[in-house]
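This is what each chain is made of:
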Amino acid sequence: MQLKELLTEDRAVSPVIGVILMVAITVILAAVIGTFVLGLGDQVSESAPQASFSFDFNSSDGVNITHEGGETLEKGNLNVSNSSDSVGMNFPDESVAAGDTSKHSNIAPSGETIRVIWTNPAGGGTNTIARATAPQ
């Protein structure tokens, strides 16, 4: 075999395969970078907390809401609402743990559905984590 034949040989990887590989690498890199730039990875992991609340309705259109168990929550991320009003929770501390009670008057008219709403501090989305209907 002569040196001149080695330099003029045509056998090599097809240019089509090279282009396909370059496009695939570009698409994968764009997807990874886009996920980090747009912050989609952070939002996937943020879901509503697991917590249990009990509702004790009294005769004067009031309700006592007690955190019965589950995750400790931040008071600033919780609201109580009915169909026409939404107010912050009246827990004594900033961290809401099992056994803490929030007292509300004039928010539970008879037959009204009362909700405890958690606001996601990372993205502002809301979730209803407890609900009850006032007796008629």
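How each quantity is defined
Residues numbered from 1 in each chain as written. Predicted model: local features only at pLDDT ≥ 70, side-chain atom pairs only at ≥ 80, totals over all residues. Heavy atoms only, no water. Pairing = 2+ DSSP bridges. Helix = DSSP H or I, 4+ residues; strand = E, 2+ residues; numbered from the N terminus. Axes fitted to C-alpha atoms, helices over the stretch in contact; angles between N-to-C directions. Core = buried A, V, L, I, M, F, W, Y, C linked by side-chain atoms within 4.5 Å. Buried < 20%, exposed > 50% of the residue type's maximum accessible area, 1.4 Å probe, protein only. Contact = heavy atoms within 4.5 Å.

**What about the sheet that holds strand 2 (residues 62-70)?**
Consideration 1: Ordered by their spatial adjacency, three strands build an open sheet running 1-2-7, and the pairing between neighbours is antiparallel. For this open sheet the edge positions go to strand 1 (51-58) and strand 7 (101-104), each flanked by a neighbour on one side alone. Each strand axis lies, on average, 20° off the axis of its neighbour in the sheet, ignoring direction.
Consideration 2: Of the strand pairs in this sheet, strand 2 and strand 7 are connected by four bridges, and their pairing is antiparallel.

**As for the nonpolar core**
Consideration 1: Phe53, Phe55, Ile65, Leu78 and Val116 are the most contacted members of the largest nonpolar core, which has 20 residues in total.
Consideration 2: Top element by residues in this core is strand 1. It accounts for four residues.
Consideration 3: Residues in contact with leucine 78, not counting those within four places in the same chain, are Phe53, Leu73, Gly88, Met89, Phe91, Val96, Val116, Ile117, Trp118 and Ile129.

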